[in-house]
Structures are given as C-alpha cells and as structure tokens.
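Residues per chain are reported as follows:
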Amino acid sequence: MNIQIRPLEGRHVRLEPITPELRAELKGAIDCDPESWEIMSTNGCGEGFADWWGALKGETERGERIGFAIRRLKDGKVVGTSSYLNIRKLHRGLEVGSTFLHPDARSGPVNPESKLLLLKHAFDSGAIRVEFMVDVRNARSQAAVEKLGADKDGVLRNHKITWTGHVRDTAVFSITDADWPGVRQRLDFRLQETFA
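Bear in mind that the values here come from a model prediction, so they are computed numbers and not experimental data.

So, how was this worked out
- Every chain is numbered independently, its residues counted from 1 as its sequence is written.
- With pLDDT at 70 or above as the cut-off, local features in this predicted model cover only qualifying residues; side-chain atom pairs require 80 or more to be listed or tallied, and sums for whole chains, interfaces and linings still use all residues.
- To get the side-chain values, take all heavy atoms of the structure and skip hydrogens and water.
- A side-chain nitrogen of Lys or Arg and a carboxyl oxygen of Asp or Glu constitute a salt bridge if their distance falls within 4 Å.
- UniProt positions are given in the numbering used here, feature names are shortened, and annotations may be inferred rather than shown by experiment.
- Numbered from the N terminus, helices here are DSSP runs of H or I no shorter than four residues, and strands are runs of E no shorter than two.
- At least two DSSP bridges between two strands are needed for those strands to be called paired.
- Contacts between residues were defined by any pair of non-hydrogen atoms, one from each residue, lying within 4.5 Å.
- To define axes, lines are fitted to C-alpha atoms, for helices over the stretch in contact only, and angles between the resulting N-to-C directions are given on a 0 to 180 degree scale.
- Note on classification: 1.4 Å probe, protein chains only; a residue is buried when its accessible area is under 20% of the maximum for its type, exposed when over 50%, partly exposed between these limits.
- Crossover handedness is defined by viewing with both strands directed away from the observer: a clockwise path from the first strand over the helix to the second marks the crossover as right-handed.

A. A look at the pattern of salt bridges. Overall, the coordinates contain 17 salt bridges when judged by the stated rule. Members of the salt-bridge network, linked through shared partners, are Glu-9, Arg-14, Glu-16, Glu-25 and Arg-71.

Have a look at this one:
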C-alpha cells in the first residue's frame, strides 16, 4: 500500500492535505460546537485548538497521520477536517477518522463525498481494509458510518481516555476491498440521486 499525499476532489468538496497555511481556515471551521467536542478524543475547540493543531502536526511528521481540510466547492469555504490514521502499510490497512464538520456542513453532500474520496484513494492505493473507530456515545457518527456501508466489527471496551478524562468504549467498523465495489456503487448512487 502506497498512499500519495495529494488533494482529492469531487463535485462538492476538495480535500486538501493540511499545511500550516490552512491553520486559520481550519480554526474557523472547527473551533465551534463545544458539545460535539466533548466526545472527541482530542479537543479542537477554544483553547484546545492549539493542542489539537500540535498533535496533528506531530502525528503527520511521524508518518502516523495524513490530515485533510475539507473545502466545500460551492462557496470555497473550509468546513471541516478528516484524516487517515493508524496507517499500516505492511498490512495494507488504515483508519479514516478524526472527522469534524462545522454544523452547517453536517447534512448534505459534504460528509458522504468526503468519505467516498478518502475510501477511493485508500483502495486505489492498495488498501485491503479501512476502519472507522467511533465513541459508542456518538450515535450520529455511528449511523453515518453504517449509512456509508461499513460493517460493525464490535466494541473495544475501555479503549481510550478522551481529553475530558472519560474512559471510552469504541465501536469498530470496517470496509474491506471485497466490500468496496458495492459500497462505492451505493455511495455514487446516493450522491447522484440525493445531491444532483
């Protein structure tokens, strides 16, 4: 598996690899909705943004993460972020996660097309498994991942300690290379029929 770090563009969004030049736009997109950040692993809201940015930078430099800013094409605005995490080249797997969307981008084509672009790039790069790891308290994200076509593999109990100190159980979902053609077809159809 060899994932090239490059922009990914669809009809509704362009995913841009995160660079220092995108910091202010990203802060504008994610420094909001403190309630949603309460169940995230790290805090990108308020004073927490600097720590979130520092963690992103460090993980990127160590090759553990490829972060993307999500730019909505209709208005050119950065409306969120998502990343490749836990990249396992030898085992041809990775996680899509650390996704946060501004509230005004949560319904509509932004999330499904972003996930389609990330999945397509991962599988085209040789991945055989893409995972999604979701706090079990986050019903909205679990529903969104299931709507993508991912299968729920199970729950990892006491998996992480979040920035608030909460001991988190994590629901694990996956899409394999065998699943991908059907998942891609459903996502393409959903985007064309719903957001044409």
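B. Spatial organisation of the UniProt feature "domain: N-acetyltransferase" (unreviewed entry) in the chain. UniProt records the feature "domain: N-acetyltransferase" (unreviewed entry) for residues 13–179 in the present numbering. Split by type, residues 13–179 is 31% helix and 37% strand. Its first and last C-alpha atoms lie 24 Å apart.

C. The arrangement of the sheet that holds strand E5 (residues 93–101) in detail. In space, the eight strands of this open sheet follow the order E1-E2-E3-E4-E5-E6-E8-E7, with mixed pairing throughout. Of all the strands in the sheet, the pair left with one neighbour each is strand E1 (8–9) and strand E7 (151–161). Here strand E4 (residues 77–88) runs beside E5; their pairing, made up of six bridges, is antiparallel. The residue of E5 that forms the bridge with Tyr-84 is Val-96. Strands in contact with helix H5 (residues 139–148) are strand E6 (129–135), E7 and strand E8 (167–176); relative to E6, the strand with the most contacts, it is inclined by about 160°.

D. Here's a closer look at the pairing of E6. Within E6, six of the seven residues are buried, which leaves it mostly tucked inside the rest of the structure. Pairing analysis gives three bridges linking E5 to E6, with the strands arranged parallel. Bridge pairing in E6 places Leu-94 opposite Val-130. For the crossover from E5 across helix H4 (residues 110–124) to E6, the handedness is right-handed. Both E6 and E8 contribute to a ladder of seven bridges, which runs antiparallel.

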